[in-house]
Amino acid sequence: MNWLELADRCQLFIPNAIGNPMYAKPLLVKLLKEAEMQVTRNVNILESSYQYTTDGTGEYPLPLDFKSPKMVMYKRDVLGITDEDEIYYKEDGTIDTGTPEHYYIKIGTNGSSVIVLDRVPDSNVKLTIHYYALAPGDLTSPQIPEQYHIDLCDYAVFVSSASQNPEVSAMHNAKWDVLLEKIKRDVADQELNHRIKEDI
């Protein structure tokens with residue numbers, strides 16, 4: 001289901017929505033995208049990966065949709081996560097060369113966050129980061145699991161109704177809060193089941 005089709009479904013939940021500028025499809029689409037972003041900010045529900053080719057440095061820019069790391073691999077080895085305080089810097093402010101064993105995330109602003117390795121690796125080696133992502137917002141359809149698509153309407157109706165229909169807004173706001181908690185539980189259950197399978 002794409003964003004416009006989902007906006008059509010949202011309008012079905014509201015009496016006399018069609019033709020009412022408060023529930024116009026362009027506005028609903030914008031709010032639906034906001035809703036998906038809210039979900040991905042609150043829950044680790046989207047996963048993605050990015051592969052670098054090392055270039056003789058120890059820092060690499062993170063993807064713009066990066067939220068938090070899941071796993072970082074140098075060649076086929078999984079790197080451990082550490083803190084900046086644990087990285088050994090030489091007197092000239094540089095780090096040693098060699099095979100990295102750990103990394104940390106240096107958070108910046110406006111897409112300037114980077115992954116920092118504890119050693120500068122050789123050039124032309126594959127470095128892969130698997131990470132939890134934020135919703136991209138510029139695609140034609142939602143990226144979170146389809147089972148939650150219709151529920152995004154609760155956020156859209158909650159926000160669009162706030163000024164002119166506070167009772168409807170409050171009802172959908174309550175539903176939206178319940179949904180976020182449900183998604184958190186669902187994702188936590190999936191992660192627990194995955195860990196149990198790994199341990200078996």
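The structure presented is a predicted model; accordingly, all values stated were derived computationally and were not measured.

As for the sheet that holds strand 2 (residues 59–61)
Within a sheet, each strand pairs with its neighbour through backbone hydrogen bonds, oriented either parallel or antiparallel. As summarised here, the arrangement of the 4 strands in space is 2-7-6-5, forming an open sheet in which the pairing is mixed. In this open sheet, the two edge strands, each paired with only one partner strand, are strand 2 and strand 5 (80–81). Direction of pairing for strand 2 relative to strand 7 (residues 114–117): antiparallel, over a ladder of 3 bridges. By the bridge assignment, Pro61 is partnered in strand 7 with Val114.

Examining the nonpolar core
Counting residues in hydrophobic clusters, the biggest one holds 46 residues, and the most contacted among them are Leu32, Ile45, Ile115 and Leu152. For this core, the element with the highest residue contribution is helix 2 (residues 25–42), accounting for 6 residues. The next biggest cluster of nonpolar side chains, apart from the first, holds 6 residues, and it includes Ile87, Tyr104, Val114 and Val116.

With respect to the environment of Leu134
Structurally, the position occupied by Leu134 is in the loop between strand 8 (126–133) and helix 3 (152–160). For Leu134, a relative accessible area of 21% gives the class partly exposed. In sequence terms Leu134 and Pro15 are 119 residues apart; their C-alpha atoms lie 33 Å from each other. Apart from the residues lying within four places of it in its own chain, the contact partners of Leu134 are Met37, Thr40, Arg41, Leu46, Asp65, Phe66 and Lys67.

Considering helix 2
For helix 2, which comprises 18 residues, the first-to-last C-alpha distance of 26 Å matches the rise-based estimate of 26 Å (1.5 Å per residue) to within 8%. Every buried residue of helix 2 is accounted for by Leu28, Val29, Leu31, Leu32, Ala35, Glu36, Val39 and Thr40.

With respect to a negative patch on the surface
Side chains of Asp83, Glu84, Asp85 and Glu86 sit close together on the surface and give a patch of like negative charge. Among the structural elements, Glu84 can be located in the loop between strand 5 and strand 6 (102–106).

Examining the sheet that holds strand 1 (residues 47–53)
Taken in spatial order, the 4 strands line up as 1-8-3-4 in an open sheet, and their pairing is antiparallel. Lying at the two open borders of the sheet, with one neighbouring strand each, are strand 1 and strand 4 (77–78). Strand direction decides the pairing type here: strand 1 and strand 8, joined by 7 bridges, are antiparallel. Each residue of the ladder has a partner; that of Ser48, found in strand 8, is Tyr131.

Here we look at the confidence of the model for the protein
Any residue range with low pLDDT should be treated as having predicted coordinates unsuitable for detailed reading. For the protein, per-residue confidence averages 90 on the pLDDT scale, and 94% of positions sit at 70 or higher. Element-level mean pLDDT values for the protein span from 83 in helix 4 (residues 166–199) up to 97 in strand 8.

Quick look at the packing of aromatic side chains
Think of a pair of aromatic rings as described by two things: how far the centres are apart, and how the planes are tilted against each other in angle. Under the defined criterion, the tally for this structure stands at 5 aromatic pairs. Considering the side-chain rings of Tyr52 and Tyr60, the 5.6 Å spacing of their centres and the 50 degrees angle between planes classify their relative orientation as tilted. Classification of Tyr60 by relative accessible area gives buried; the value is 3%.

Looking at unusual backbone geometry
Backbone geometry at Lys75 places phi at a positive 55 degrees, although glycine is not the residue there. Tracing the backbone through its elements, the reader meets Lys75 in the loop between strand 3 (66–74) and strand 4. For Asn124, which is not a glycine, the phi torsion comes out positive at approximately 65 degrees. Looking at the element boundaries, Asn124 is found in the loop between strand 7 and strand 8. On the basis of relative accessibility, which here comes to 67%, the residue Asn124 falls in the exposed class.

Focus on the pattern of salt bridges
Counting across every chain of the model gives 7 salt bridges. A salt bridge links Glu101 to Arg119, with the shortest nitrogen-to-oxygen separation between them at 4.0 Å. In this pair, Glu101 is assigned in the loop between strand 5 and strand 6 and Arg119 in the loop between strand 7 and strand 8, connecting sequence segments 18 residues apart. Owing to a relative accessible area of 28%, Arg119 belongs among the partly exposed residues under this scheme. Where Asp118 meets Arg119, a salt bridge forms, and the shortest distance between an N and an O atom there is 3.9 Å. With a relative accessible area of 13%, Asp118 lands in the buried category. Taken together, the shared-partner salt bridges in this structure form one network comprising Glu101, Asp118 and Arg119.

What counts, and at which threshold
Residues numbered from 1 in each chain as written. Predicted model: local features only at pLDDT ≥ 70, side-chain atom pairs only at ≥ 80, totals over all residues. Heavy atoms only, no water. Pairing = 2+ DSSP bridges. Helix = DSSP H or I, 4+ residues; strand = E, 2+ residues; numbered from the N terminus. Core = buried A, V, L, I, M, F, W, Y, C linked by side-chain atoms within 4.5 Å. Buried < 20%, exposed > 50% of the residue type's maximum accessible area, 1.4 Å probe, protein only. Contact = heavy atoms within 4.5 Å. Expected span 1.5 Å × (residues − 1). Patch = residues over 30% accessible without salt bridge, like charges linked within 9 Å, V, L, I, M, F, W, Y side chains within 5 Å. Areas by Shrake-Rupley, 256 points an atom, 1.4 Å probe, with all protein chains shown as cover. Salt bridge = Lys/Arg side-chain N within 4 Å of Asp/Glu carboxyl O. Lys, Arg positive; Asp, Glu negative; His and termini not counted. Charge placed at Lys NZ, Arg CZ, Asp CG, Glu CD. pLDDT = per-residue confidence, 0-100. Phe/Tyr/Trp six-rings, centres within 6.5 Å; stacked < 30°, edge-to-face > 60°.

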